[in-house]
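# Coordinates in review
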Amino acid sequence: PVVYTATMAILFAALNLSKWGPYAWLGLINLDQLSTALVLAPLAPVGVWVGIWLSRRIEPTWFYRIAYAGMAFTAAKLLWDGWH
């Protein structure tokens, strides 16, 4: 679970960083969003700490069940939004 979590964190960080250019080009980055990000930034290390703590303490079987259920829920939500 720790390797999986770390890999996903790196993947999502790279994907989110790659969005900055297109978002800026489309004019989707503004002062309101940047100020919100600045206010919420101190919570990021707390979330990382909680994620590391949980991934080290949960059984691998339950970790993967929860991860797969989260992915299935996200996929269903995206499909629902796409169809409606």
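Structure: above.
My aim in this report is to walk through the structure given alongside it, one point at a time. This is a predicted model, so every value here is computed, not measured.

### Concerning the environment of Tyr64
- Position of Tyr64 relative to the elements: it lies in helix α5 (residues 60-83).
- Distance in space between the C-alpha atoms of Tyr64 and Pro1 is 7.7 Å, their sequence separation being 63 residues.
- Dropping the residues within four chain positions of it, Tyr64 is found in contact with Pro1 and Tyr4.

### A few points about the packing of aromatic side chains
- In total, this model carries five aromatic pairs according to the counting rule given.
- Between Trp49 and Trp53, the ring centres sit 6.4 Å apart and the planes meet at 20°, which makes this aromatic pair stacked. Of this pair, Trp49 and Trp53 both sit in helix α4 (residues 43-57), four residues apart, which is roughly one turn of that helix.
- The class for Trp49 is exposed, based on a relative accessible area of 56%.
- The class of Trp53 is partly exposed, set by a relative accessible area of 37%.
- Arg65 extends its terminal NZ or CZ atom over the ring of Trp62, reaching a point 4.8 Å from the ring centre.

Conventions and cut-offs
- Residues numbered from 1 in each chain as written.
- Predicted model: local features only at pLDDT ≥ 70, side-chain atom pairs only at ≥ 80, totals over all residues.
- Heavy atoms only, no water.
- Helix = DSSP H or I, 4+ residues; strand = E, 2+ residues; numbered from the N terminus.
- Contact = heavy atoms within 4.5 Å.
- Phe/Tyr/Trp six-rings, centres within 6.5 Å; stacked < 30°, edge-to-face > 60°.
- Buried < 20%, exposed > 50% of the residue type's maximum accessible area, 1.4 Å probe, protein only.
- Lys NZ or Arg CZ within 6 Å of the ring centre and 35° of its normal.

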